[in-house]
4 protein chains.
Amino acid sequence: MSRIPVAVLGATGTVGQKFLARLAGHPWFEVVQVAGSAERVGQRYGETVHWREPVPLSPEMAALECTTAEPGVAVRIVFSALDAAVAHDVEPRFAAVGALVVSNASAFRMDADVPLLIPEVNPDHLALLDGQRRRRGWTGGIITNPNCSTAVLVTALAPLHRRFGISRAVVATLQAASGAGYPGVPSLDLLDNVIPQIGGEEEKLEHETARLLGTLDAEAVAPAGITTSAMVHRVPVLDGHLISASLAFLEAPTPEAAMAALAAFRPPADVAALPSTPARPIEVDRRPDRPQPRLDRDRGNGMTVTVGRVRPCPVHQLRLVALGHNLVRGAAGAAIQNAELVAVREGWVTASG
Amino acid sequence: MSRIPVAVLGATGTVGQKFLARLAGHPWFEVVQVAGSAERVGQRYGETVHWREPVPLSPEMAALECTTAEPGVAVRIVFSALDAAVAHDVEPRFAAVGALVVSNASAFRMDADVPLLIPEVNPDHLALLDGQRRRRGWTGGIITNPNCSTAVLVTALAPLHRRFGISRAVVATLQAASGAGYPGVPSLDLLDNVIPQIGGEEEKLEHETARLLGTLDAEAVAPAGITTSAMVHRVPVLDGHLISASLAFLEAPTPEAAMAALAAFRPPADVAALPSTPARPIEVDRRPDRPQPRLDRDRGNGMTVTVGRVRPCPVHQLRLVALGHNLVRGAAGAAIQNAELVAVREGWVTASG
Amino acid sequence: MSRIPVAVLGATGTVGQKFLARLAGHPWFEVVQVAGSAERVGQRYGETVHWREPVPLSPEMAALECTTAEPGVAVRIVFSALDAAVAHDVEPRFAAVGALVVSNASAFRMDADVPLLIPEVNPDHLALLDGQRRRRGWTGGIITNPNCSTAVLVTALAPLHRRFGISRAVVATLQAASGAGYPGVPSLDLLDNVIPQIGGEEEKLEHETARLLGTLDAEAVAPAGITTSAMVHRVPVLDGHLISASLAFLEAPTPEAAMAALAAFRPPADVAALPSTPARPIEVDRRPDRPQPRLDRDRGNGMTVTVGRVRPCPVHQLRLVALGHNLVRGAAGAAIQNAELVAVREGWVTASG
Amino acid sequence: MSRIPVAVLGATGTVGQKFLARLAGHPWFEVVQVAGSAERVGQRYGETVHWREPVPLSPEMAALECTTAEPGVAVRIVFSALDAAVAHDVEPRFAAVGALVVSNASAFRMDADVPLLIPEVNPDHLALLDGQRRRRGWTGGIITNPNCSTAVLVTALAPLHRRFGISRAVVATLQAASGAGYPGVPSLDLLDNVIPQIGGEEEKLEHETARLLGTLDAEAVAPAGITTSAMVHRVPVLDGHLISASLAFLEAPTPEAAMAALAAFRPPADVAALPSTPARPIEVDRRPDRPQPRLDRDRGNGMTVTVGRVRPCPVHQLRLVALGHNLVRGAAGAAIQNAELVAVREGWVTASG
């Protein structure tokens with residue numbers, strides 16, 4: 001099979017680099033376009049990027065010439081690591097000319113006709129794409145993955161919500177520096193310190209959670225009846241968002257029942273077969289001091305969410321801690337998995353590869 | 001006035017050193033005894049201690065010879081920085097022979113006749129001391145300060161509870177390394193990492209909060225009707241515990257009303273006049289990224305709790321973040337302030353010094 | 001005595017803030033002008049600055065209106081925390097109209113007629129100011145303090161050079177994040193990492209050292225015959241530069257003789273009496289694991305350099321480690337001390353204040 | 001081929017865990033014995049170990065029962081991660097009964113008849129083993145790898161020494177926390193700090209360097225004529241020792257010639273074919289801010305040493321920075337590679353596997 005040509009927009013940033021690192025050797029996708037900011041256009045990617053991934057940049061990608069973030073190169077899929085404001089202008093132009101934009105940006109996430117997806121959780125929401133194309137007159141389309149902390153939270157909540165019905169979630173996040181990109185958070189702000197603020201993050205957690213766990217009804221998503229309250233904190237950690245939650249349920253599970261539901265969680269067969277789907281989307285760790293960002297963020301090649309400290313909550317019914325890799329499960333890995341989902345469901349490839 | 005002779009037990013540990021650093025030059029108290037572990041007995045404190053405070057050790061204290069943690073030296077007040085298990089055996093022996101044990105240990109904190117005090121919050125609970133002496137046949141007594149994270153939380157909650165009645169608190173803590181003492185948390189566990197566990201801490205937060213905010217009724221404290229749920233996390237910060245809370249009230253205040261109550265909080269006049277009481281026990285910081293441990297932990301010489309991010313909570317009524325210095329407001333500073341309270345209320349000194 | 005009016009240029013940056021923090025309550029100087037970048041001009045300092053010092057900003061300074069970095073306000077002394085390129089243009093304009101520019105910038109440091117000063121080390125170099133004024137036609141003038149790491153190194157080397165004659169120094173520095181200003185080094189670059197590069201720093205260490213230890217000869221400084229080789233490293237430390245040195249001498253001292261010379265080091269009487277001069281410019285710490293940045297950087301109110309690990313060097317004659325606060329001894333504190341030196345030697349104040 | 005049975009002594013420590021992580025799936029060796037401290041004997045390794053490697057423990061290893069560190073199990077190779085004092089007693093007992101002890105401990109490193117090896121550098125020193133067996137009456141033997149920082153330094157120096165003859169090396173190390181094992185360095189000592197001391201490390205660097213680069217002469221190693229001066233520093237980094245060096249040569253190379261010699265460095269063919277030998281033992285990185293511990297420590301699966309900042313030294317002839325993974329190139333990886341060397345040279349396996 002010849003691989004599907006893809007572009008990466010915002011290719012030199014933190015998430016953009018993670019896209020390239022994970023797309024190197026991808027069985028279905030081949031990066032043929034990398035787009036960067038104006039001053040990089042025309043330069044070789046390998047020469048203009050300040051490569052910070054711990055794996056070496058592939059020579060093929062290094063040799064690509066940076067383009068503007070505009071359609072022109074023949075690609076079927078466009079991975080977008082653009083800032084929201086730029087994404088708002090740029091992404092529709094690609095969608096209009098037939099590309100599937102798989103976006104990590106927040107620009108269109110909450111639009112009623114734009115799928116906001118976690119393949120293991122709500123792959124059926126992909127069906128919104130039809131109406132999106134019809135209504136907007138696009139031959140391509142836009143699909144999105146959630147905010148990085150929401151991705152971790154909702155992956156952990158999904159099996160609990162299905163079985164027991166979550167009504168309220170009070171969460172506090174401990175988020176890694178890489179979530180702010182590069183240069184991002186100054187070391188003078190983060191060494192020996194915590195910053196109790198990340199712009200816009202609390203609203204995203206509160207709104208995206210209900211949408212992701214909502215039900216597809218005709219051509220719209222009815223949000224789940226979950227009220228979420230979020231307080232976010234930046235901590236001196238490189239990668240890995242940890243989310244500490246207190247949960248109220250319609251039918252309260254015991255901690256054992258909750259852990260059983262988490263451990264038993266499996267996605268639909270075609271999702272399970274995607275190259276980026278980990279063997280276990282959720283791992284329950286019963287050790288009393290886990291999960292920990294540095295030790296657990298790379299599980300399942302960064303796509304597994306680890307849940308621990310599941311125990312009764314004196315105020316609600318359950319407390320737990322969930323941890324995932326913000327740049328993988330929460331960004332580039334999530335978007336690639338979304339693209340894989342489309343590739344299979346639209347018949348561009350067969351799930352067996 | 002000649003100063004009151006005091007002892008410090010557990011003098012070489014992290015909290016013990018903070019006691020000595022803060023008692024140097026204290027207007028009322030003079031350290032005449034320092035007790036350490038068996039292998040240090042007979043050595044000069046200055047030679048046996050691995051002094052880690054950023055201020056120099058006073059020559060007078062350095063010259064003290066370490067003793068065992070047993071009565072013998074003529075002291076009126078005994079500051080205890082012992083581990084709970086040791087404190088359980090040792091502290092009563094001092095209380096029995098007439099010393100006022102001012103303990104940072106958890107051994108007796110929840111005993112019905114032992115005052116658990118924050119002078120600005122519940123100085124009236126000191127009255128339990130009479131019954132304690134009568135019942136236990138002690139001429140001295142034991143008074144205690146709360147666990148380090150509880151001290152920060154309850155100082156912040158007290159004015160809100162008084163005005164609006166708190167019914168439920170869901171809290172997540174981000175706690176500093178110094179809370180575990182020395183050697184404490186290995187750097188291999190804490191660099192680029194978070195540990196979602198601190199043994200016993202969640203129970204202490206849940207139980208001590210209701211007790212501290214409870215009302216003295218005859219000779220016992222009736223706990224406040226507050227249900228607290230706590231999840232604790234150790235973060236790569238040296239000093240300063242940050243507590244992120246979601247609060248439900250009997251009468252919900254607006255954020256503005258809550259901030260006004262916090263900012264207006266003043267202790268009774270004799271408490272306000274204690275040497276260790278800061279000008280403002282609580283400071284409200286309206287900047288959207290505050291409080292931060294490194295920038296705010298030393299306010300009020302470490303005794304002020306900073307509250308920020310006061311805003312509506314989608315699940316309960318209010319969210320806020322409180323920060324205080326765990327070794328000062330949460331340990332040595334708190335105990336010294338407790339001793340000052342007794343010294344004034346028992347007439348050993350006059351509040352004007 | 002009414003205080004001398006002074007300006008601070010670059011007042012909102014890391015060094016600028018340290019200037020204001022240390023000038024609050026200064027016995028001789030009063031800040032009447034604060035200059036910042038164009039977009040801040042006209043705003044109150046307290047409203048435009050992102051204040052990051054752990055001590056509160058003084059209300060008087062907070063109320064000052066930011067100006068451009070141009071003469072206009074009546075000041076006698078101008079503290080410059082400008083970048084070198086800007087300083088090159090701006091500082092002469094102040095010097096031309098009668099102000100003494102006390103600069104932390106490198107723009108004029110190596111000019112033959114500009115004093116590069118450490119008051120305890122080479123106060124006589126101040127005499128260059130006469131020729132500078134004459135030659136340049138200035139009624140004011142420019143004096144400078146060394147680069148932050150050079151300040152620490154040379155303070156430690158000076159007494160050894162005087163007594164034993166240093167011929168070669170091979171140094172490696174471990175420098176704090178605050179040396180790069182704010183935002184400076186991204187946390188993604190510094191958490192769990194070391195960066196073996198700081199632009200221009202090695203050359204400054206190599207050139208400024210010989211100049212500072214040189215001898216004033218008629219109207220020029222003859223550099224000392226010291227060859228310095230420097231390799232610099234940025235480490236995850238907030239404040240405090242540590243310098244690890246191997247030294248060759250004309251007459252090799254024993255470690256004991258070297259420590260004796262270091263401990264005995266005292267500046268001239270009028271320098272010793274300056275408000276910013278610490279009781280001991282150098283402290284020798286014989287503990288085998290000192291100096292350490294966090295524990296020793298604040299000695300002498302940040303102006304003392306701590307020297308430790310003095311021992312024989314198998315290649316040269318002596319190894320030692322020196323540590324000082326880069327923003328104090330290495331920047332703002334140094335400049336203020338330089339201004340104090342001028343104020344005394346020009347008779348603006350008497351050394352007794 | 002059936003795999004060679006091996007034991008790991010000190011299996012639960014930091015280096016011991018790294019041994020197990022790297023021996024999982026090794027083509028030649030199979031771990032059949034894990035020895036730990038007395039209280040662990042009889043427990044399953046997987047239950048008693050506080051596993052801290054980021055890769056999961058293999059189920060086969062987890063199921064092994066911990067033994068004492070005594071001979072008894074039939075193994076041909078014994079990997080020792082014991083402390084020096086214990087190693088001194090224990091290792092000879094294994095050597096006496098026919099096992100090849102491949103030790104990371106310093107106990108026998110400097111014994112005249114014990115090979116101290118870096119396979120790419122001095123594989124011929126393995127010949128000392130014959131005399132060792134003859135003299136000590138052992139049927140097995142002991143071979144050792146250098147101290148972790150020496151391993152990094154000497155790998156980088158070897159090609160320069162061969163071509164240009166190094167006479168003097170002044171080095172400063174910036175060493176990671178994992179070099180001290182677990183629990184090792186307290187976080188209170190290392191957050192926002194540097195510790196300029198690591199017990200015994202400077203002497204090891206000074207002595208082992210000359211031995212490793214020495215020449216085998218009949219049955220003894222004549223140390224190279226290199227004088228090394230070392231100052232060590234512990235920095236807040238998890239893994240990766242960075243060594244900053246100033247070098248004097250018999251024939252001074254230009255930086256370009258030095259980089260060419262480093263980049264061209266290749267081990268003998270049979271060493272190059274060992275499973276643990278990286279494609280390039282040394283990589284020269286010309287970027288001005290490299291090598292950096294976090295970005296470069298994992299090159300070559302942790303076995304590659306990265307050299308950068310090669311430039312003229314004003315005092316000697318060359319400055320450079322070398323970086324390697326202390327637990328891999330500096331400990332477990334080095335020992336495994338040593339065992340591979342013996343396995344090939346003694347004909348236990350063929351180099352092709």
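Refer to the structure above for everything that follows.
Treat the numbers as computed from the prediction; the structure is a model and nothing was measured. (Residues numbered from 1 in each chain as written. Chains lettered and ligands numbered in written order. Predicted model: local features only at pLDDT ≥ 70, side-chain atom pairs only at ≥ 80, totals over all residues. Heavy atoms only, no water.)

(A) A look at the relation of the copies chain D and chain B. Its rotation angle being 180°, the transformation that places chain D on chain B also includes 0.0 Å of axial translation and leaves an RMSD of 0.0 Å. This pairing of chains is accounted for by a two-fold axis. Here 100% of the contact residues of chain D are again contact residues in chain B; the copies associate through an equivalent surface. (Least-squares fit on C-alpha atoms with pLDDT ≥ 70 in both. Contact = heavy atoms within 4.5 Å.)

(B) How the structure looks around the packing of helix H6 (residues 148-164) of chain B against helix H9 (residues 255-264) of chain B. Residues and elements named next belong to chain B. Contact geometry for H6 and H9: axes closest at 9 Å, N-to-C directions at 115°. The interaxial crossing formed by H6 with H9 has right-handed handedness. Residue-level contacts link Ala-156, Pro-159, Leu-160, Arg-163 and Phe-164 of H6 to Ala-257, Ala-258, Ala-261 and Leu-262 of H9. (Axes fitted to C-alpha atoms, helices over the stretch in contact; angles between N-to-C directions. Helix = DSSP H or I, 4+ residues; strand = E, 2+ residues; numbered from the N terminus. Left-handed = near helix turned anticlockwise from the far one by under 90°.)

(C) Quick look at the relation of the copies chain A and chain B. Here chain A sits on chain B after a turn of 180° about the axis and a move of 0.0 Å along it, with an RMSD of 0.0 Å. Comparing interface residues between copies, 100% of those in chain A also sit at the interface in chain B, which points to an isologous, same-surface contact.

(D) Fine view of the interface of chain D and chain B. Of the residues lining the interface, 18 residues belong to chain D; the matching set on chain B comes to 18 residues. Approximately 1,500 Å² of surface area, both sides summed, lies buried where chain D meets chain B, with 66% of it carried by carbon and sulfur atoms. It is D:Leu188, D:Leu191 and D:Leu238 in chain D that bury the most area against chain B; as a group they hold 43% of the surface buried on that side. On inspection of chain D and its partner chain B, the count reaches 2 salt bridges. Here D:Asp189 ties to B:Arg52 by a salt bridge, and the two come within 2.3 Å at their closest N and O atoms. Our enumeration of links across chain D and chain B arrives at 8 residue pairs in polar contact (both at pLDDT 80 or more). A total of 4 residues in the side of chain D that touches chain B trace back to one element, the largest contributor, which is helix H7 (residues 187-190) of chain D. Partitioned by chemical class, the residues of the side of chain D that touches chain B number 11 nonpolar, 4 polar and 3 charged. (Buried area = accessible area lost by both parts, 1.4 Å probe. Salt bridge = Lys/Arg side-chain N within 4 Å of Asp/Glu carboxyl O. Polar contact = N/O pair within 3.5 Å; in protein donor to acceptor, adjacent residues only side chain to side chain. Nonpolar A, V, L, I, M, F, W, Y, C, P; charged D, E, K, R; others polar.)

(E) Structural view of the pairing of strand S13 (residues 305-312) of chain A. Residue and element names in this part refer to chain A. Burial runs high along S13: 7 of the 8 residues are buried. Of the pairings in the sheet, the one linking strand S12 (residues 282-285) to S13 comprises 4 bridges and is parallel in character. Looking at S13, one finds that Asp-285 is bridged to Gly-308. Sheet analysis places S13 next to strand S14 (residues 318-324), joined by 5 bridges and oriented antiparallel. Across the sheet, residue Gly-308 finds its bridge partner in S14, namely Val-321. Linking S13 to S14, which pair antiparallel, is a turn of 5 residues. (Buried < 20%, exposed > 50% of the residue type's maximum accessible area, 1.4 Å probe, protein only. Pairing = 2+ DSSP bridges.)

(F) Structural view of the packing of helix H6 (residues 148-164) of chain A against helix H8 (residues 201-212) of chain A. All names here are of chain A. Close contact between H6 and H8 brings their axes to 9 Å; oriented N to C, the two are set at 35°. Between H6 and H8 lies a crossing whose hand is right-handed. Each of Cys-148, Ser-149, Thr-150, Leu-153, Val-154 and Leu-157 in H6 lies in contact with H8, whose residues at this interface are Glu-201, Lys-204, Leu-205, Glu-208, Thr-209 and Leu-212.

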